[in-house]
Amino acid sequence: MQLNEIEKKEIGDYVFGIGRYIETYNEVYDHVLNLLADMPGTYHIGLVQKIIELDFGGVKAIRKQEDIYQKQVKRRYLKLIGLEMLFTFRLSQLLPNLILLLLCYVLYASNTNLSALFKTVYLSILVLIVMAGLYWIVFRYIIHRKTKKDSIIGDLVFGLMFLPLGFINIFFNLLVTKENTHISINTQHIILLAIFFFTSVYIRAFLKLYAERIKVLAI
């Protein structure tokens, strides 16, 4: 079956409305075109609907599979980023962590006030936010500007970028406040420096994971 550009566009428009992610669209669209190319007869949109029903189980099944796949990806990469953080403590990659620890010790030993430590930690958080914003601009409006669809990779990256922010916010609200009289200022210093240290480790682990794994999304 030979398809013209108008028919391909009709197929693309139909498949576009099925799933949430651009990866789903690409997979289903290519699959449908390949099958139609091997079929005899005349094209009509009913053939597309039939292929999707028989080969993918229908629209609901595709959307359900998207959710399953997305959860699998998130679980796998949460585990991988945890491993990457542990790997930063290997002997071959230990120097950056030692420098960070030395910086934390200097800040602690100099009796830096809480206000200054807050600014230091928030600077680390700001790095994550800026990274997320730049990634969104590049990924959504440059790389995938024509698709107008979400991406599993995009969702994954945003989730990993903002994951530590929730934990940091909890620590700040519960442990490091002027109103908290149950924890000494000295202990609050240590907590803030620990947050700064592990946020920095997390950023390095995320960048390494993104460069080596997320770009190809190997599940």
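In every chain, residue numbers begin from 1 and rise along the written sequence. Given that this is a predicted model, residues contribute local features only at a pLDDT of at least 70 and side-chain atom pairs are listed and counted only at 80 or more, while totals for whole chains, interfaces and linings are drawn from all residues. Only hydrogens and water are set aside when side-chain values are computed; all heavy atoms of the structure are taken into account.

**What about the overall build of the protein?**
And step 1. Here a strand is any run of E in DSSP of at least two residues, a helix any run of H or I of at least four, and the numbering for each starts at the N terminus. What the protein contains, in helices and strands, is eight helices and zero strands.
And step 2. Exposure categories follow from relative accessible area, calculated using a 1.4 Å probe and restricted to protein chains: below 20% of the type maximum is buried, above 50% is exposed, and the middle band is partly exposed. Across the 219 residues of the protein, 38% fall into the buried class.
And step 3. By definition in these notes, contact holds between two residues if any of their heavy atoms fall within 4.5 Å. Of all intrachain contacts in the protein linking residues separated by at least 6 positions in sequence, the fraction that spans at least 24 positions is 77%.
And step 4. We get accessible surface area from the Shrake-Rupley algorithm with a probe of 1.4 Å; when it comes to residues, only the shown protein chains can shield them. Just so you have it, the protein exposes about 13,300 Å², and 64% of that area is on carbon and sulfur atoms.

**Details of the packing of aromatic side chains**
And step 1. Between 30 and 60 degrees the pair is tilted, below 30 it is stacked and above 60 it is edge-to-face, where a pair is any two Phe, Tyr or Trp rings, Trp via its six-membered ring, whose centres lie within 6.5 Å. Applying the stated criterion across every chain, the model contains four aromatic pairs.
And step 2. A centroid spacing of 5.5 Å and a plane angle of 10 degrees characterise the contact between Tyr25 and Tyr29, whose relative ring orientation is stacked. With Tyr25 and Tyr29 both in helix α2 (residues 22–37) and four residues apart, the pair spans about one turn of that helix.
And step 3. The exposure class assigned to Tyr25 is buried, which follows from its relative accessible area of 18%.
And step 4. Overall, the relative accessible area of 16% leaves Tyr29 in the buried class.

**Regarding the nonpolar core**
A general trend in soluble globular proteins is that nonpolar side chains are found buried together.
And step 1. Counting residues in hydrophobic clusters, the biggest one holds 23 residues, and the most contacted among them are Tyr77, Ile81, Leu160, Tyr202, Phe206 and Leu209.
And step 2. For this core, the secondary-structure elements that each account for two or more residues are α4 (59–87), α5 (94–109), α7 (152–174) and α8 (185–214).
And step 3. Top contributing element to this core by residue count: α8, with eight residues. Each nonpolar core is a collection of buried residues, namely Ala, Val, Leu, Ile, Met, Phe, Trp, Tyr and Cys, held together in the definition by side-chain atoms within 4.5 Å.

**Digging into a nonpolar patch on the surface**
And step 1. Exposure above 30% relative accessible area and the absence of a salt bridge qualify a residue for a patch, where like charges join within 9 Å and nonpolar side chains (Val, Leu, Ile, Met, Phe, Trp, Tyr) within 5 Å. By convention in these notes, a salt bridge is any Lys or Arg side-chain nitrogen within 4 Å of a carboxyl oxygen on Asp or Glu. Taken together, the side chains of Leu78, Leu163, Phe167 and Phe171 make up a nonpolar region of the molecular surface, amounting to roughly 360 Å² of accessible area.
And step 2. Take the nonpolar patch: its biggest share by element is three residues, from α7.
And step 3. Along the chain, Leu78 turns up in helix α4.
And step 4. When its relative accessible area of 42% is taken as the criterion, Leu78 is described as partly exposed.

**Thoughts on the packing of α2 against helix α3 (residues 45–56)**
Any two packed helices are characterised by the angle at which their axes cross and by the distance between the axes.
And step 1. Put simply, α2 and α3 touch, their axes get as near as 10 Å, and they point 115 degrees apart. As summarised for this structure, α2 and α3 are arranged roughly perpendicular, according to the angle between their axes. Of the two possible hands of crossing, α2 and α3 adopt the one that is right-handed. Along the contact surface, α2 presents Glu27, Val28, His31, Val32, Leu35 and Leu36, while α3 presents Leu47, Val48, Ile51, Ile52, Asp55 and Phe56. For helices, the axis comes from a line fit to the C-alpha atoms of the stretch in contact; other axes are also lines fit to C-alpha atoms, and the angle between any two N-to-C directions lies between 0 and 180 degrees. For classification purposes, an angle smaller than 35 degrees is called roughly parallel, one larger than 145 roughly antiparallel, one from 65 to 115 roughly perpendicular, and anything else oblique. Handedness of a helix crossing follows the sense of rotation of the near helix relative to the far helix, less than a right angle counterclockwise being left-handed and clockwise being right-handed.

**A short note on α2**
And step 1. One fewer than the residue count of a helix, multiplied by 1.5 Å, yields its expected span. When the terminal C-alpha atoms of α2 are compared, their 22 Å separation across 16 residues agrees well with the 22 Å that a helix rising 1.5 Å per residue should span.
And step 2. The set of residues buried in α2 consists of Ile22, Thr24, Tyr25, Val28, Tyr29, Val32, Leu33 and Leu36. Looking down the long axis of α2, one finds its buried residues gathered within 145 degrees of arc, a one-sided arrangement. Turned more than 90 degrees away from the buried face of α2 sit Glu27 and Asn34, all of them exposed.
And step 3. Summarising the contacts, the buried residues of α2 are in contact with α1 (5–16), α3 and α4. Directions are taken from the helix axis to each C-beta atom, and the arc is the one they span.

**Quick notes on the pattern of salt bridges**
Side-chain pairing between opposite charges can occur once the charged atoms of the two side chains come close.
And step 1. Following the criterion strictly, the structure yields two salt bridges and no others.
And step 2. In this structure, the salt-bridge partner of Lys208 is Glu84, at a minimum N-O distance of 3.6 Å. With a gap of 124 residues between them, Lys208 in helix α8 and Glu84 in helix α4 connect regions that are remote in the sequence.
And step 3. A residue is classified by how much of its surface remains accessible, and Lys208, at 27% relative accessible area, is partly exposed.
And step 4. Its relative accessible area of 7% is what places Glu84 among the buried residues.

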